[in-house]
Number of protein chains: 2
Amino acid sequence: MSHKFVYKFDEGAAEMKNLLGGKGANLAEMTNLGLPVPQGFTITTEACTQYYDDGETVSSEIEAEILSYLADLETRTGKKFGDRDNPLLVSVRSGARASMPGMMDTILNLGINADVAEVIAQKTGNPRWAYDCYRRFIQMYSDVVMEVGKKNFEDLITAMKTARGVTQDVELTADDLKELAEQFKGEYKAKTGEEFPVNPRDQLMGAVSAVFRSWNNERAIIYRRQNDIPSSWGTAVNVQEMVFGNRGDTSGTGVAFTRNPSTGERKLFGEFLVNAQGEDVVAGIRTPQPIDKLAEVLPEAYTEFTRICDILEKRYRDMQDMEFTIEEGKLYMLQTRNGKRTPNAALKIAVDLVDEGVRTREEALLLIDANSFDAVLHPVFSPDALKTATVVAKGLNASPGAGCGAVYFNAEDAVKHAADGPVLLVRLETSPEDLAGMYAAQGILTARGGASSHAAVVARGAGICCVSGCSDLVIAADGHSLTIKGQTVREGEFMSIDGTTGNIYIGKIPTVEPDLTRGDFAKVMGWADDARVLGVRANADTPKDAAKAVELGAEGIGLTRTEHMFFAEDRIRAIREMIVSKTSEQRKTALDKLLPFQRDDFVGIYRVMLDKPVTIRLLDPPLHEFLPHTDDEIRTLAAEMSLTFESLKATVTGLHEANPMMGHRGCRLPVTYPEIAVMQTQAIIEAAILVKKETGADIVPEIMIPLICEVKELKFVKDIVTSTADKLIADSGITLNYHVGTMIEIPRAALLADEIATEAEFFSFGTNDLTQMTFGFSRDDAVKFLPAYYDNKILENDPFQRLDRSGVGKLVEMSVKLGRQMRPDIKLGICGEHGGDPSSIEFCHLTGLTYVSCSPFRVPTARLAAAQAAINNK
Amino acid sequence: MSHKFVYKFDEGAAEMKNLLGGKGANLAEMTNLGLPVPQGFTITTEACTQYYDDGETVSSEIEAEILSYLADLETRTGKKFGDRDNPLLVSVRSGARASMPGMMDTILNLGINADVAEVIAQKTGNPRWAYDCYRRFIQMYSDVVMEVGKKNFEDLITAMKTARGVTQDVELTADDLKELAEQFKGEYKAKTGEEFPVNPRDQLMGAVSAVFRSWNNERAIIYRRQNDIPSSWGTAVNVQEMVFGNRGDTSGTGVAFTRNPSTGERKLFGEFLVNAQGEDVVAGIRTPQPIDKLAEVLPEAYTEFTRICDILEKRYRDMQDMEFTIEEGKLYMLQTRNGKRTPNAALKIAVDLVDEGVRTREEALLLIDANSFDAVLHPVFSPDALKTATVVAKGLNASPGAGCGAVYFNAEDAVKHAADGPVLLVRLETSPEDLAGMYAAQGILTARGGASSHAAVVARGAGICCVSGCSDLVIAADGHSLTIKGQTVREGEFMSIDGTTGNIYIGKIPTVEPDLTRGDFAKVMGWADDARVLGVRANADTPKDAAKAVELGAEGIGLTRTEHMFFAEDRIRAIREMIVSKTSEQRKTALDKLLPFQRDDFVGIYRVMLDKPVTIRLLDPPLHEFLPHTDDEIRTLAAEMSLTFESLKATVTGLHEANPMMGHRGCRLPVTYPEIAVMQTQAIIEAAILVKKETGADIVPEIMIPLICEVKELKFVKDIVTSTADKLIADSGITLNYHVGTMIEIPRAALLADEIATEAEFFSFGTNDLTQMTFGFSRDDAVKFLPAYYDNKILENDPFQRLDRSGVGKLVEMSVKLGRQMRPDIKLGICGEHGGDPSSIEFCHLTGLTYVSCSPFRVPTARLAAAQAAINNK
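Below, the structure is looked at part by part. Since this is a predicted model, take the numbers as computed values, not measurements. (Residues numbered from 1 in each chain as written. Chains lettered and ligands numbered in written order. Predicted model: local features only at pLDDT ≥ 70, side-chain atom pairs only at ≥ 80, totals over all residues. Heavy atoms only, no water.)

1. So, the side chain of E187 of chain A
Residues and elements named next belong to chain A.
Move 1: Examined against the element boundaries, E187 turns out to sit in helix α7 (residues 174-192).
Move 2: For E187, a relative accessible area of 15% puts it in the buried group.
Move 3: Only 2.7 Å separates the side chain of E187 from the side chain of K191, close enough to count as a polar contact.
Move 4: Residues in contact with E187, not counting those within four places in the same chain, are V148, N152, F153 and L156. (Helix = DSSP H or I, 4+ residues; strand = E, 2+ residues; numbered from the N terminus. Buried < 20%, exposed > 50% of the residue type's maximum accessible area, 1.4 Å probe, protein only. Polar contact = N/O pair within 3.5 Å; in protein donor to acceptor, adjacent residues only side chain to side chain. Contact = heavy atoms within 4.5 Å.)

2. A few points about the interface of chain A and chain B
Move 1: Taken together, the contact pairs 48 residues of chain A with 48 residues of chain B.
Move 2: Interface of chain A and chain B: buried area, both sides summed, is about 4,200 Å²; carbon and sulfur atoms make up 61% of it.
Move 3: For the chain A face of the interface with chain B, the top three residues by lost area are M662, R748 and I794 of chain A, together amounting to 15%.
Move 4: Joining chain A to chain B, the criterion identifies two salt bridges.
Move 5: Across the salt bridge formed by R748 of chain A and D804 of chain B, the nearest N and O atoms sit 2.6 Å from each other. (Buried area = accessible area lost by both parts, 1.4 Å probe. Salt bridge = Lys/Arg side-chain N within 4 Å of Asp/Glu carboxyl O.)

3. A look at the packing of helix α30 (residues 767-775) of chain A against helix α33 (residues 808-822) of chain A
Residues and elements named next belong to chain A.
Move 1: Contact geometry for α30 and α33: axes closest at 9 Å, N-to-C directions at 120°. Helix-helix and strand crossings are classified by hand; for α30 and α33 the assignment is right-handed. Packed against α30, whose contacting residues are L770, T771, T774 and F775, the element α33 presents V808, L811 and V812 at the interface.
Move 2: Classifying every residue of the contact of α30 with α33 gives five nonpolar, two polar and no charged. (Axes fitted to C-alpha atoms, helices over the stretch in contact; angles between N-to-C directions. Left-handed = near helix turned anticlockwise from the far one by under 90°. Nonpolar A, V, L, I, M, F, W, Y, C, P; charged D, E, K, R; others polar.)

4. A word on the pairing of strand β27 (residues 701-705) of chain A
Sheet faces and side chains relate simply in a regular strand, where the side chains alternate between the two faces.
Residue and element names in this part refer to chain A.
Move 1: When you tally the buried positions in β27, you get five out of five residues, the bulk of the element.
Move 2: With four bridges connecting them, strand β26 (residues 614-617) and β27 associate as parallel partners. Counterpart to I616 in the pairing with β27 is I703.
Move 3: One crossover worth recording links β27 to the parallel strand β28 (residues 739-744) by way of helix α27 (residues 711-732), and it is right-handed. (Pairing = 2+ DSSP bridges. Right-handed = clockwise from strand over helix to strand, strands pointing away.)

5. What about the nonpolar core?
Move 1: Counting residues in each nonpolar core, the largest one holds 297 residues, and the members touching the most others are Y606, I685 and F763 of chain A together with Y606, I685 and F763 of chain B.
Move 2: Setting aside chain neighbours within four positions, we find Y606 of chain B in contact with V614, I616, I684, A687, A688, V691, I699 and P701 of chain B. (Core = buried A, V, L, I, M, F, W, Y, C linked by side-chain atoms within 4.5 Å.)

6. Overview of the pattern of salt bridges
All names here are of chain A.
Move 1: Inspection of the entire model under this criterion finds 121 salt bridges over all chains.
Move 2: As a salt-bridge pair, R317 and E363 come within 3.1 Å of each other at their nearest N and O atoms. Linking R317 in the loop between α12 (299-316) and β9 (320-327) with E363 in helix α14 (residues 361-366), this pair joins segments that are 46 residues apart in sequence.
Move 3: Each of E563, R617, D620, R665 and D769 takes part in a single network of salt bridges with overlapping partners.

7. Brief notes about the sheet that holds strand β29 (residues 762-765) of chain A
Residue and element names in this part refer to chain A.
Move 1: Taken in spatial order, the eight strands of this closed barrel run β24-β25-β26-β27-β28-β29-β30-β31, and their pairing is parallel. Adjacent strand axes in the sheet meet at a mean angle of 25° when their direction is disregarded.
Move 2: Summarising the sheet, strand β24 (residues 535-539) and strand β31 (residues 851-854) pair through four bridges and their orientation is parallel. Paired with G535 across the two strands is Y851, which belongs to β31.
Move 3: Where helix α26 (residues 674-695) meets the sheet, its contacts fall on β26 and β27, and the angle it forms with β27 comes to roughly 170°.

8. Points about the sheet that holds strand β18 (residues 473-475) of chain B
Either a parallel or an antiparallel arrangement is found when strands of a sheet pair, and the pairing is made through backbone hydrogen bonds.
Residue and element names in this part refer to chain B.
Move 1: Spatially, the three strands line up as an open sheet ordered β18-β19-β20, and their pairing is antiparallel. Here the strands that pair on one side only, and so sit at the sheet edges, are β18 and β20 (487-490). Each strand axis lies, on average, 25° off the axis of its neighbour in the sheet, ignoring direction.
Move 2: Across four bridges, the pairing between strand β19 (residues 481-484) and β20 is antiparallel. Residue pairing across strands places T483 opposite T488, the latter belonging to β20.

9. Remarks on the packing of helix α34 (residues 838-847) of chain A against helix α35 (residues 859-872) of chain A
All names here are of chain A.
Move 1: Running from amino to carboxyl end, α34 crosses α35 at an angle of 50°, the nearest separation of the two axes being 9 Å. When the axis of α34 is compared with that of α35, the two are oblique. When you trace α34 past α35, the crossing you get is right-handed. Contacts from P838, I841, E842 and H845 in α34 reach T861, A862, A865, A866, A869, A870 and N872 in α35.
Move 2: Its residues assigned to classes, the contact of α34 with α35 shows seven nonpolar, three polar and one charged. (Parallel < 35°, antiparallel > 145°, perpendicular 65-115°, else oblique.)

10. Thoughts on the environment of A130 of chain B
Residues and elements named next belong to chain B.
Move 1: By secondary structure assignment, the location of A130 is in helix α5 (residues 127-146).
Move 2: Taking relative accessible area as the criterion, A130 reaches 0% and is therefore assigned buried.
Move 3: Contacts of A130, omitting those with residues within four sequence positions, involve I112, A117, I120 and A121.

Given below as structure tokens:
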């Protein structure tokens, strides 16, 4: 039985998106709604998949089916391919299941050749138009189907203009264009070695193959990765009778949104060009007119268009993004789809649609894209200023927002100059020593490192914008200037970076702050909180972060990294003293100096959080992170600490590890140096006692032991914690509850979670490390080979950004099941980077975790994503 | 209901080893066989466990039970603790479930005090003996129970001898010894702050606690780790009426084996001392006489002893290791157990027991310790070299084999220098503190001690050669040199010792491989091959290794590491050229240079293996391993390669990784540089075609892709391999089969083994990396913290030596199940270090793997262990 690979527009429906692609399904829907849509048919996404299964060829079965639908189209339109009287011209457009604007390729005027052009010239009495159509088709087809570069064609046009002594395309005559068409065909033959196809059917099959092929071009792959579209979906192809917006002053073409996609305002938004073909609007060669001008220019068409806008918004119950063409006064709809919108517009449209009674709250929540939602929290560049700004280079959009400041190349300078005005910190890559500088900066720009690099993680955590891994960036050896694409910027000079797009600019671009008090944000967050099942906590290391987290709706802290507190100037000395200690006694003395600092940190956090839960993780990183590494730094520190250079150097060398990620860190520190856990527990509990006495709030610290791989290891460290804590509580004269739990971040812990749960009151999945160990990918090093994995379609996403459900997820599910078997009421959270990623949050919802924890600025995203997960999986 | 924690000897049996410990169970068995055993009782291993559960105290319930059994013993012997007429003296000895010679502590003469000593002096008319017993007891008790160092007591004895103007202990009079006893008690009080316990019951309870405590002393922990004894077992305590071998010339004490533990010869083997207490024989202070001399000295006791030996061998159906004491002509058995033996003796005894009809072949196989079995493969001195070598002195041939190394005089130095080359440990006598040094040495040489001394027992157990009791050996007071027959050897200089003959040589003597064609080895290996289910392959990278593997019984090669071939002088240049290549073309040119080398490697291996399977792993390590790292080396190489220093330095720096173990290596190399896999496949297949044409053997290469974490990754590399291979085979004009499989060494691959199995024809578990990722332990770095894990009993074994069944094993079992679901006939092997470890081999058997692969010298061990696994798990 033969499979149906082609559908006429009136055979489809909006619901058939998976098969017909978004464009095809919507053309079908508009056709069935009786709207004016040029006739045509859609070749399905399954045909695309089949094309790849067949080794990138269109099977003869599919070709036959296409040609039979073409014959039918010829019958319906009364036109014929290559006909001397009434030639059929068609457009060929891709249309994937999800909208991929600008990604796939379009060919207009297909069916034209020298004979047909002449027929049209005569029939329309407009030879210039006929030959313009012709040369455009050759140009587009060559570019899209045969990948003959555009530039050669542009050069030929320029040469022709020079020869004719004119400057504008429109000044070329019909004969000029006819001659250009011949030159184009010659160019095509020179480049491809073949004659330009004359037979419209050959043109059609070439174009269909090209659309299928373009599904796997580089831009498409990158876009899919960025937007989480599986490569297995494939694209459909739409073949549609051409209508012409360039047949004079009663013709035109345009694009419009039913609401404003930047602001969400309920007002038709768009633009059109009189006497133009589709691509002219997008290409930006002529400046189009705003859509409401159409009411003056072609009032009937405008009235019809607004009528259709209403019909489409009612049908789709969402803002529509439409393309239309007017041919000699008659309006044709070429496309409609749910329009892309800025996060702010998404908020307003969602609220308006609920207010208008069009959508329920839950439906409205699903209209907001969680992946880009946190942009509503970040300052953005003024849209007006961006229009005239030049992008000098691009990096990875590592942390969203806009940053503009004077550049400095080390943390110290950045901190110093931040007092005088905004600064940008520019580094090859960042390390924990740079923290102060990073926090002081408006933005961080690095030459190396991916979306999970130190710079990116810290920046997202702090809500600072960051563009990372800009390979065009070269920092001068003296560390006082940079060059980027041949331009030099000296320290103190201004640059601007856009963490949402990855764009980099030289000079100042003004930014505007978001207003979170506005009603839409609060309203939508309220709906999300009603809908979600998952709790949402934040990762916060300071009272300031904690306060920001609470402001943004966090219900607790899921991760306080105690080590971040140790890098401050006044503490790093004591921690270094601890590290160079030779005896347990010396270590205790040094730790005693740290105790008051650490206790104060927790006092500050408890005062903010009060009876909201706070999970505090014991010291995690390897100790060498706290020591300097160059000989000069070691020499300076040795002098400060009254040690010999050799002795300190020996300590530093002794702490060096081949694979520090799997080295002496996490719970392995208190196994070897129990004093560390004693001091940290003391700080945690003493602070809790103090704030409980002070405020009366029911402080219940959650003490989290990292990097556990074995229950006896957990028990060993837990015994240190409980014996220390219980004594302090007994001496305090008040009651204080606390919990001891563990990170599940080592595969063995996940595999033996039942045993671990006998000692752990809660699990927090550390999916950063768990992903590293499960894949055997070092986060720092994988950036070197992951691009090849994307190019070869081995991986579609960065597993450090989006939780890998099949592998890492299997371990998480296993842990949840085993952990609950042993301890049915065990609290389960996630505190890796994935805690702020919508797809990963959905996984957490499906797996039945108790909460997700993410950086404070991701909290609103997490609340929204958790709600969407609950609604989508009811 | 009260639990029974104490058993009289006649309440026990040999089968109750778990409860009564080995010593207690065998004392019970001997008692029940009607053999002359001094009466007594055993405190169970459960009492020891209880002791630890109760926070290291003996509960009053257990104490009461002990005292009631003591009362019963008093009744039965007619003697009483502290009695003025007939005082009871007892020995207190530990006895764990598994024999732990020299590990646990013994106290003799317990029950003595000043009054009792005086009673004994008067009753026996031998005051010197009475006070010698007394001072020995104080000394032993102080050392064992209160850990007052031995040295102080030795100093007091020396001072007494000096004061008396004598040189030998035996020259001290009864009064001298009485005075010494008082001095000892003073020393005890000075060190402990307490009076030495006078009450025998206090002494008993102190001694029982000390035995329990000693279960967790450092030596015991090390021994358990080395011998795979769980710390949860605990030790029993045996309390037994004293008999005295030091009551004159018709008394004596000795140890003997029913067969020769070095050679396995069926002939009584052992030694005794007249007029001595047990410890004197073991301590090696006086040199004992061979056991057959006893026939002359005390013929009746000897006859009785040989009769008992026969009874015991029949009962236990194995060689027995016994202790006895003769008190005034009457023989008492103090212990019997299955004797430790050298691997060669184990072979002979196994074969003899089968020949004698005592054991079946399968039973006999179980008598051989697989853990030390590979010592039968250990080298012996070259007979030619021996002809011209001068024997400088002779000692006892305590443990066979040839040892040659730089001499060091303490364990610490031996361990330290063992890293640089072979070492010999030279000691006056060894004690359990020396264990680490003994295990690190090629051989052990002692000045004192017989064939049953600590040095001899440990060395035989570990398969290390040992010459003991060389009285010509004098170690300098500063412990940095020795003199032997007038010649001086300084630390670091070489000596050679022959544990089979007892000969000692100065300087190096070359060693030769043992002759494995001899009958016992071949016979036992044949039985093992009949019994085992698992296949045994070897890891071999060269034709030489492959030949050795086949000689030792390997049925194929489970792992050929292709990278090892790249380090040779003539190849490293080409691989470096490949690494610095900037384009795919340059890379191909460099790889073309490597191709002939790599092809020759495989030709050599196939010629050895013929139709035995050969698994070849594609390039695995990160590329930076092939580059130099210091600036000087880089400069030299840059000059050689006509590169600038800066450019090569940049390449080296660019390849640097934070965590290379999880970096750009394994299959990640061909994903980024497919040319590498093309070249390697070409070498593998061309070599196979060549050798197949040449020999007609059915060569079927198994191409193994390492470090897979995802099936698409495997498919990508497999496609490169198969397209390359299929073309070469098609062009060759012959048929050649080959298989493509993968390592399972990344947790994700194990979790998704069903998907992976759709592309992999075989799995080989790379349990080295799998252990690293599953635990999150870097093998290079874990050495720093693993000791703390052993000390704190978090881990009992090095998971890199013994496969962790609960965590890593769970992943392996999961993979096996998932893999077989998809591909029921999938071939499953293991090629990590664990492939040669008996416990891990048992796991592989239980999990149903097809084969294990280990280093060539471990092949016999693997064959034996595989057989034992099959027999034990029938």
